[in-house]
Amino acid sequence: MIYMCMNCKVFVYDEERGDTKLNLAPGTRVGDIPDSYRCPVCGAIKCCLHQLDGGSAPQREDQEPALKDLNYYRARGREKLAGLCGVYPVCNGDPEHTCAGQKYGAPIGMGGAGQGKNFEANYKALAEYRLKMKMVKPHRQPEMSISFLGWDIKAPVMGAPLSGVKHSMNDAMAEEDFYWGLLKGAEEFGTIGTVGTTSSAPKDLGVTTVGKNNGYGIPFFKPMSQKQLLELFQLAEKLDVIAIGVDLGGAGSTYWDHSDKSVYRKGEDDLKELVDSTDKPVIFKDIMSTEDAVKVVDSGASACYVSNHGGRVLDYGLGVAEVLPDIAEEINGKVPVLADGTVRTGFDVLKVLALGADIALIGRPLLQVCVGGGAEAVKMYFDYVLADFTRAMILTGCDTLREVDMDILDKI
Ligand SMILES: Cc1cc2nc3c(=O)[nH]c(=O)nc-3n(C[C@H](O)[C@H](O)[C@H](O)COP(=O)(O)O)c2cc1C
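All residue numbers refer to positions counted from 1 along the written sequence of the respective chain. Where totals are concerned, whole chains, interfaces and linings use all residues; where local detail is concerned, this predicted model gives features only for residues with pLDDT of at least 70, and gives and counts side-chain atom pairs only at 80 or more.

Trainee: Explain the overall build of the protein chain to me, please; I cannot follow it from the model alone.
Mentor: Runs of E in the DSSP output that reach at least two residues are strands. Runs of H or I that reach at least four are helices, and both are numbered from the N terminus. Counting its regular elements, the protein chain contains 11 helices and 15 strands. Computed over the C-alpha atoms, the radius of gyration of the protein chain is 22 Å, within 12% of the 22 Å expected from 2.2 N^0.38 for a compact globule of 412 residues. Projected onto its principal axes, the C-alpha coordinates of the protein chain cover approximately 70 × 60 × 40 Å. Here exposure depends only on C-beta density: within 10 Å of a residue's C-beta, 20 or more other C-beta atoms make it buried, 12 or fewer make it exposed, and intermediate numbers make it partly exposed, the C-beta atoms being placed from the backbone. Within the protein chain, the fraction of its 412 residues that count as buried is 49%. A radius of gyration in this sense is built from C-alpha atoms; the matching globule rule multiplies 2.2 Å by the number of residues raised to 0.38.

Rendered as structure tokens:
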């Protein structure tokens, strides 16, 4: 019998021939392939192998596989996000991917705004940088822990604020469970989790979920009316969160165009008023120009978060890697710089830090695994990133984060 991986639709397995690379002897039936099998093309699990030659598709096994690794959770996420996100090996805004394409007024799901060129721009801009390999130096285990707003974290990596299970994730789980998975997964790994705000759940759901985690996390609010924001800031302070974020680019969120849930651009006075209204550190997100970065610092904010919202608000904007070095130079250490935008691996983390960020944040990949397996899978993703990040530090000759700068990069 001949089978095809229905996830990538590339890998074909012929039971008669077996597969030497997968160590499967000729005659090995699909039912006898071990649970540890992963598609050599896309990493999908065994149940994605479907029979091609006229017979019925193999039944999904009822029992859980023994090995629940990251590929298992990604495959679970792929099933739950079917039609919106293919959880592809490379999540890069490729126009051929399920998430791409104009939505003609429908929710944008997992893709980017408009034609998705801004999402793609993030990937392309980061891919233009290559890491320089430097091996001749005595070996040291790199030091990677940092202090962020007075909190020690294991490595300079965090989860980007995410939300919107109903519109963007096929209603695959409860919004609160999604936030919980992001927060606990990050915490169990050793970093700080963040959550967003969605129009399809109460405005305070993110912050109250952080509250249930004893305040360990950072809620990001959409730029609602100043009155609503000030109330949410008060609540966040009461719940003793680590810091409070506002995603200013949320003013372009397609889901918030309702009369009771409107979003607005904010002026310099608004930013100052928000910062002055609380003793908690405030972070402004979706900063893409040096001019805005200066205003963020002048407002008294505690961190500047460089992002174009994953390309989900303004199509044809620049990629984050195109603006990050100038913004970091302008900020010049006055406040920590956070940055996201197609950070997928530990190698990407190192590049984003070399371009000037203090912390790199991961968006879509955490969402995919959180939907697939909650906190456990989120922690696993951070572990995976840390392993490559450690290797990348060693291979570029960096013993400490202070040594990570543009000198370890080449631009092609
Ligand atoms: C489905 C989805 C929901 C998001 N929700 C929010 C949100 O509520 N608040 C926010 O500040 N950013 C939100 N973002 C943007 C992310 O915080 C982040 O900027 C972006 O995902 C980074 O790019 P990446 O996904 O390519 O890593 C969302 C992104 C996605 C894909």
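Trainee: It is not clear to me how helix 5 (residues 205–212) should be interpreted in this structure. Could you clarify?
Mentor: Note: α-helices contain 3.6 residues per turn, so residues at a spacing of three or four share the same orientation. Turning to helix 5, its buried residues number three or more, namely Leu205, Gly206, Val207, Thr209 and Val210. A positive backbone phi angle near 55° is found at Asn214, which sits one or two residues after helix 5.

Trainee: Can you help me understand the sheet that holds strand 10 (residues 244–247) in this one?
Mentor: Within a sheet, adjacent strands bond to each other through the backbone by hydrogen bonds, running parallel or antiparallel. Strand order in the open sheet formed by eight strands is 7-14-13-12-11-10-9-8, with parallel pairing between adjacent strands. For this open sheet the edge positions go to strand 7 (157–159) and strand 8 (194–195), each flanked by a neighbour on one side alone. Packing of helix 8 (residues 290–298) onto the sheet brings it into contact with strand 11 (282–287) and strand 12 (303–306), and relative to strand 11 it is tilted by some 175°. Paired strands, in this sense, are two strands between which DSSP finds at least two bridges. Contact criterion: two residues are in contact if their C-beta atoms, reconstructed from the backbone, are within 7 Å. Axis lines are fitted through C-alpha atoms, for helices just across the contact stretch, and the angle between N-to-C directions can take any value from 0 to 180 degrees.

Trainee: Which parts of the structure should I look at to understand the domain arrangement of the protein chain?
Mentor: Accessible area lost upon the coming together of the parts is a frequently used measure of interface size. Boundaries of every domain are those given by an automatic assignment or by a domain database. Splitting the protein chain by domain gives domain 1 (1–67) and domain 2 (146–411). Each of domain 1 and domain 2 has a C-alpha centre, and these two points are 39 Å apart.

Trainee: What's the story with the site of the ligand in this structure? I'm lost.
Mentor: Using a C-beta atom placed from the backbone, a residue is scored as near a molecule or strand whenever that atom is within 6 Å of it. The full set close to the ligand counts 26 residues, and Ser163, Gly196, Asp247, Gly310 and Gly363 are the nearest of them. Counted by class, the shell around the ligand contains eight nonpolar, 13 polar and five charged residues. Throughout this entry, Asp, Glu, Lys and Arg are counted as charged residues, while Ala, Val, Leu, Ile, Met, Phe, Trp, Tyr, Cys and Pro are counted as nonpolar. The remaining residues, Gly among them, count as polar.

Trainee: Any chance you could explain the pairing of strand 9 (residues 218–221) here in plain terms?
Mentor: As a general feature of sheets, a regular strand has side chains that alternate between the two faces. Neither face of strand 9 is exposed, since Ile218 and Phe220 on one face and Pro219 and Phe221 on the opposite face are all buried. The pairing of strand 8 with strand 9 spans two bridges and is classified as parallel. Residue pairing across strands places Val195 opposite Pro219, the latter belonging to strand 9. Looking down the strands as they point away from you, a crossover is right-handed if its path from the first strand over the helix to the second goes clockwise. For the crossover that starts at strand 8, traverses helix 5 and ends in the parallel strand 9, the hand is right-handed. Relative to strand 10, strand 9 runs parallel, the two being bridged by two bridges. Looking across to strand 10, one finds that Phe221 is bridged to Val246.

Trainee: I'm lost on the nonpolar core in this one. Help?
Mentor: Soluble globular proteins tend to pack their nonpolar side chains together in the buried interior. Definition of nonpolar core: a set of buried Ala, Val, Leu, Ile, Met, Phe, Trp, Tyr and Cys residues joined via C-beta atoms within 7 Å. If you look at the biggest cluster of nonpolar residues, it comprises 112 residues, and the most contacted ones within it are Phe284, Cys304, Val306 and Ala357. The leading source of residues in this core is helix 11 (residues 364–395), at 15 residues. Lining this core are residues from two domains, each supplying at least three of them: domain 1 (1–67) and domain 2 (146–411). Not counting residues up to four positions away in its chain, the partners in contact with Phe284 are Val246, Leu248, Leu271, Val296, Ala301, Cys304 and Tyr305.

Trainee: When you look at helix 10 (residues 346–354) in this model, what are you seeing that I'm missing?
Mentor: The element helix 10 is largely enclosed, with a buried count of eight among its nine residues. Residues Gly346, Asp348, Val349, Leu350, Lys351, Val352, Leu353 and Ala354 constitute the buried set of helix 10. Of the residues trailing helix 10, Gly356 is marked for its positive phi of about 125°.

Trainee: What is the right way to read the sheet that holds strand 1 (residues 2–5) from this model?
Mentor: The three strands are arranged 2-1-3 in an open sheet whose pairing can be described as antiparallel. Two strands in the sheet have a free side with no partner beyond their single neighbour: strand 2 (12–14) and strand 3 (49–51). With direction set aside, neighbouring strand axes in the sheet form an average angle of 30°.

Trainee: I would appreciate a short explanation of the environment of Pro156 in the present structure.
Mentor: Following the sequence through the fold, Pro156 ends up in the loop between strand 6 (151–153) and strand 7. On the basis of neighbour count, Pro156 is assigned to the buried category, with 24 C-beta atoms found within 10 Å. In this structure the C-alpha to C-alpha distance between Pro156 and Ala25, which are 131 residues apart in sequence, comes to 44 Å. Among all residues touching Pro156, those that are not within four sequence positions of it are Met144, Ile146, Leu353, Asp358, Ile359, Ala360 and Leu401.

Trainee: Just to check I follow, could you spell out the packing of helix 8 against helix 9 (residues 320–331) for this structure?
Mentor: When two helices pack together, their arrangement is given by the angle between the helix axes and by the axis-to-axis distance. Taken N-terminus to C-terminus, the directions of helix 8 and helix 9 make an angle of 35°; their axes are 9 Å apart at the nearest point. Seen from above, helix 8 lies across helix 9 with right-handed handedness. Counted together, Thr290, Ala293, Val294 and Val297 of helix 8 and Asp326, Ile327, Glu330 and Ile331 of helix 9 form the full contact between these two elements. Tallied by class, the residues present in the contact of helix 8 with helix 9 amount to five nonpolar, one polar and two charged. Here is the rule for handedness: rotate from the far helix to the near one, and if that takes an anticlockwise turn smaller than a right angle the crossing is left-handed, while a clockwise turn gives right-handed.

Trainee: Teacher, can you tell me more about the pairing of strand 11 here?
Mentor: Where burial is concerned, most of strand 11 is hidden: six out of the six residues are buried. Both strand 10 and strand 11 contribute to a ladder of four bridges, which runs parallel. Within strand 11, the position partnered with Val246 by the bridge is Phe284. Pairing between strand 11 and strand 12: four bridges, direction parallel. Bridging across to strand 12, Lys285 finds its partner in Tyr305. Taking the sense of rotation as the criterion, the β-α-β connection linking strand 11, helix 8 and strand 12 turns out right-handed.

Trainee: When you look at the packing of helix 1 (residues 70–80) against helix 11 in this model, what are you seeing that I'm missing?
Mentor: Two elements in contact, helix 1 and helix 11, have axes separated by 8 Å at closest approach and are oriented at 150°. When the axis of helix 1 is compared with that of helix 11, the two are roughly antiparallel. In the packing of helix 1 onto helix 11, the handedness of the crossing is left-handed. Packed against helix 1, whose contacting residues are Leu70, Tyr73, Arg74, Arg76, Gly77 and Lys80, the element helix 11 presents Gln368, Val369, Val371, Gly372, Gly373, Ala377, Met380, Tyr381 and Tyr384 at the interface. Across the contact of helix 1 with helix 11, the residue classes break down as eight nonpolar, four polar and three charged. Should an angle lie under 35 degrees it is considered roughly parallel, over 145 roughly antiparallel, and from 65 to 115 roughly perpendicular; all remaining angles are considered oblique.

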